[in-house]
Amino acid sequence: MRYSVKAPAKINLSLDALSKRPDGYHEVAMIMTMVDLADRIDLTETNDDRITVDVSEGFVPNDHRNLAYQAADLLKKRFNVKKGVSIYITKRIPVAAGLAGGSSDAAATLKGLNQLWQLGLTQDELAELGAEIGSDVSFCVYGGTALATGRGEIIQQIASPPPCWVILAKPPIGVSTADVYKRLNVQDVQRANTKEMIRAIEEQNFNEICQNLHNVLETVTLDMYPEVRNIKEQMIRFGADGVLMSGSGPTVFGLVEHESRLNRVYNGLRGFCQDVYAVRLIRSSDTC
Ligand SMILES: C[C@@](CO)(OP(=O)(O)O)[C@H](O)COP(=O)(O)OP(=O)(O)OC[C@H]1O[C@@H](n2ccc(N)nc2=O)[C@H](O)[C@@H]1O
Ligand SMILES: Nc1ncnc2c1ncn2[C@@H]1O[C@H](COP(=O)(O)OP(=O)(O)O)[C@@H](O)[C@H]1O
């Protein structure tokens, strides 16, 4: 038996870190939404009670360190599954980019194995299991657009933003999420306007969404990597309507309302960056 699942990338339209928790994580308030740049997870049931992982890109681990492996291992142990699975990951999402590629692969594996092994788990149960793998996995189980709080695992789904293009530009650096959070001083950052961002999305007000783009982790990553600051400046220079770094970076995204401006922004960024993508927001009514 085989089962294939798409694993879309996410961008953070707003990311606030409110405090440092006793467990070492940060209390966050984030608005996240999916774009149609996705990995593909192919799951093939085996009878040898083993989990194997192969990845189309060599620099992603294919053992217990892979988040898709961890998702399969969690389900096998928690539900005493004796069958095995061969996992093939076709990577399209840049790695260590602030786009939750690994987290989305884990979420897609949870959803796919729930079907393949007929576990009968609900989406909420899968999201709860996902939180044991990583803070972004719960959101990736639900998809759509959501307010994420706690360490990122408490999900309240909200309306989809109005349709627009998204230019993603990832400079050739890998950023450690842990390192960025470690360097963050939550007392010393300008708060994000989370409520205003939610209202702008619910009112489908594209200009207000662009005005309320805010990511407190930029203060760390832009100081560590000036090339990220430069990409932001170029995105604005070539005419994106709204610009922000996604997650812990280094990917910068530009929101573009009208397709007529898309090529100028895309081609402009290609002059500064190899990894540039023109993608669309996935509205929750879209199939994925
Ligand atoms: C920054 C964000 C924004 O969406 O995404 P990415 O940039 O990774 O895509 C997320 O908060 C990343 O989520 P995720 O990548 O799943 O983080 P985890 O694996 O759970 O944690 C990695 C490390 O980041 C730090 N961490 C993570 C989440 C959080 N709320 N506070 C933290 O301090 C911790 O040091 C933790 O050990
Ligand atoms: N399925 C996976 N895809 C990508 N990276 C993975 C995966 N499993 C584990 N990793 C590891 O996770 C880190 C990057 O995770 P990723 O989700 O791509 O970045 P980010 O958290 O910045 O969005 C890398 O160190 C990579 O080796």
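Residues numbered from 1 in each chain as written. Chains lettered and ligands numbered in written order. Predicted model: local features only at pLDDT ≥ 70, side-chain atom pairs only at ≥ 80, totals over all residues. Heavy atoms only, no water.

Draft legend 1. Structural view of the sheet that holds strand β11 (residues 275-280). Read from one edge to the other, the open sheet built from four strands follows the order β9-β10-β7-β11, with strand pairing classed as antiparallel. Among the strands making up the open sheet, the edge pair consists of β9 (242-245) and β11. Neighbour-to-neighbour, the strand axes of the sheet open up by a mean angle of 20°, direction not taken into account. Direction of pairing for strand β7 (residues 165-170) relative to strand β10 (residues 252-256): antiparallel, over a ladder of five bridges. Directly across from Leu 168, in β10, lies its bridge partner Phe 253. Across the face of the sheet, helix α9 (residues 226-237) comes into contact with β7, β9 and β10 while running at roughly 10° to β10. (Pairing = 2+ DSSP bridges. Helix = DSSP H or I, 4+ residues; strand = E, 2+ residues; numbered from the N terminus. Axes fitted to C-alpha atoms, helices over the stretch in contact; angles between N-to-C directions. Contact = heavy atoms within 4.5 Å.)

Draft legend 2. Structural context of the site of ligand 2. The environment of ligand 2 is made up of 18 residues, and the closest members are Lys 91, Gly 98, Ala 100, Gly 102 and Asp 105. At 3.0 Å from an oxygen atom of ligand 2 is found a main-chain nitrogen or oxygen belonging to Ala 96. For ligand 2, the protein covers 77% of the area, taking 540 Å² as the surface of the free molecule. The residue makeup of the shell around ligand 2, split by class, is nine nonpolar, six polar and three charged. (Near = heavy atom within 4 Å. Polar contact = N/O pair within 3.5 Å; in protein donor to acceptor, adjacent residues only side chain to side chain. Areas by Shrake-Rupley, 256 points an atom, 1.4 Å probe, with all protein chains shown as cover. Nonpolar A, V, L, I, M, F, W, Y, C, P; charged D, E, K, R; others polar.)

Draft legend 3. Quick look at the UniProt feature "domain: GHMP kinase N-terminal" (unreviewed entry) in the protein chain. Under the present numbering, the feature "domain: GHMP kinase N-terminal" (unreviewed entry) in UniProt falls on residues 66-144. Note that residues 66-144 is 54% helix and 9% strand, and that its end C-alpha atoms are spaced 24 Å apart. (UniProt positions renumbered as here; feature names shortened; annotations may be inferred.)

Draft legend 4. View of the site of ligand 1. Near ligand 1, the surroundings consist of 23 residues, among which His 26, Ser 135, Arg 151, Tyr 181 and Ser 248 are the closest. At 3.1 Å from an oxygen atom of ligand 1 is found a side-chain nitrogen or oxygen belonging to Lys 10. Here an oxygen atom of ligand 1 and a backbone polar atom of Ser 248 are 2.7 Å apart. A total of 700 Å² of accessible area belongs to ligand 1 in isolation, and the protein chains cover 82% of it. At the level of secondary structure, the elements contributing two or more residues to the shell around ligand 1 comprise β1 (2-20), β2 (26-46) and α5 (177-183). Among the elements that make up the shell around ligand 1, the one with the highest residue count is β2 (four residues). The two domains that each donate at least three residues to the shell around ligand 1 are domain 1 (2-157) and domain 2 (165-280). (Domains from an automatic or database assignment.)

Draft legend 5. Geometry of the nonpolar core. Counting 74 residues, the largest nonpolar core has Val 85, Ile 87 and Met 235 as its most contacted members. When residues of this core are sorted by domain, at least three fall in each of domain 1 (2-157) and domain 2 (165-280). Residues contacting Ile 87, with those up to four places away along its chain left out, are Ile 41, Asp 42, Leu 43, Ile 51, Thr 52, Val 53, Asp 54, Ala 68, Tyr 69, Ala 72 and Thr 109. Core analysis: the next-biggest nonpolar cluster, separate from the first, contains 27 residues, Leu 37, Val 166, Phe 253 and Leu 281 among them. (Core = buried A, V, L, I, M, F, W, Y, C linked by side-chain atoms within 4.5 Å. Buried < 20%, exposed > 50% of the residue type's maximum accessible area, 1.4 Å probe, protein only.)

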